[in-house]
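Examining the three-dimensional arrangement
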Amino acid sequence: MKLNPIILPCIIGIAICLLIAGTEGWVTATSVNAWYHSLTKPFFNPPAWIFAPVWSVLYIMMGIAGGLIWLTRKKNTALFVCFVIQLILNFLWSFLFFAAQSIGWALLDIILLWSTLCITLYIALQQRKAVVYWLLPYFIWVSFAMILNFSLKIINYGTYTDTETQT
């Protein structure tokens, strides 16, 4: 029995994305403290329990997209590079927001993430449409997260210790 050549890259992609998710989850869990709980949240802030299951599903979908991208990386270098860049930016967000307690730097990061993800989707639409279907829910969630991050910055401006506001 021969294994479909798409399966292994997708499994590896899922494993890499879940490793990133686990690291971010650890950073978040060890960094959520009185600072985060003291922030004023917007009315549309989801309950804390929703983030882990949503992100778990999204990381699996990202892993599948990553596997599909990996298969054509030599032909679609720009798609591969953009995917890796957005993955790195995604990885950095938890460190910036929770560990560094920097809503502003996290906002900059998520804006760059969202922008890179837009480029990734645009290239995928041209070169590998299946990737778009796997990344679209992630794009929607990142769009929501960016709005949430922006709202937290605006609502809590001047009321928290944020490294970029200190002089």
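Scroll up to find the structure.
Everything in this summary refers to the structure shown in the same document. (Residues numbered from 1 in each chain as written. Predicted model: local features only at pLDDT ≥ 70, side-chain atom pairs only at ≥ 80, totals over all residues. Heavy atoms only, no water.)

A few words now on the overall build of the protein. From N to C terminus, the protein includes six helices and zero strands. Going from the N terminus to the C terminus, the protein shows its helices and strands as α-α-α-α-α-α. The C-alpha radius of gyration computed for the protein amounts to 17 Å, which stays within 12% of the reference 15 Å derived for 167 residues, consistent with globular compactness. Overall size of the protein, expressed as C-alpha extent along the three principal axes, is 60 × 30 × 30 Å. (Helix = DSSP H or I, 4+ residues; strand = E, 2+ residues; numbered from the N terminus. Rg over C-alpha atoms; globule rule 2.2 N^0.38 Å.)

We now examine the packing of aromatic side chains. All told, the structure shown has 15 aromatic pairs when counted by the stated rule. Relative to Phe98, the ring of Phe97 has its centre 4.8 Å away and its plane inclined at 75 degrees; by these criteria the two rings are edge-to-face. Take Phe97: its relative accessible area is 1%, and that puts it in the buried class. Owing to a relative accessible area of 9%, Phe98 belongs among the buried residues under this scheme. Through a chain of ring-to-ring contacts, three or more aromatic side chains come together here, namely Trp35, Tyr36, Trp93, Phe97 and Phe98. Across from the ring centre of Tyr36, 4.4 Å away, lies the NZ or CZ of Lys41, which sits over that ring. Note that Arg73 overlies the ring of Trp70, its terminal NZ or CZ placed 3.6 Å from the centroid. (Phe/Tyr/Trp six-rings, centres within 6.5 Å; stacked < 30°, edge-to-face > 60°. Buried < 20%, exposed > 50% of the residue type's maximum accessible area, 1.4 Å probe, protein only. Lys NZ or Arg CZ within 6 Å of the ring centre and 35° of its normal.)

Residues Leu3, Ile7, Leu8, Ile11, Ile12 and Ile16 make up a contiguous nonpolar surface patch of roughly 550 Å² in combined accessible area. Relative to the helices and strands, Ile7 resides in helix α1 (residues 7–31). Owing to a relative accessible area of 37%, Ile7 belongs among the partly exposed residues under this scheme. (Patch = residues over 30% accessible without salt bridge, like charges linked within 9 Å, V, L, I, M, F, W, Y side chains within 5 Å. Areas by Shrake-Rupley, 256 points an atom, 1.4 Å probe, with all protein chains shown as cover. Salt bridge = Lys/Arg side-chain N within 4 Å of Asp/Glu carboxyl O.)

Turning to the environment of Lys75, a few remarks are in order. By the element assignment, Lys75 lies in the loop between α3 (51–71) and α4 (77–99). Separated by 52 residues in the primary sequence, Lys75 and Gln127 place their C-alpha atoms 9.2 Å from one another.

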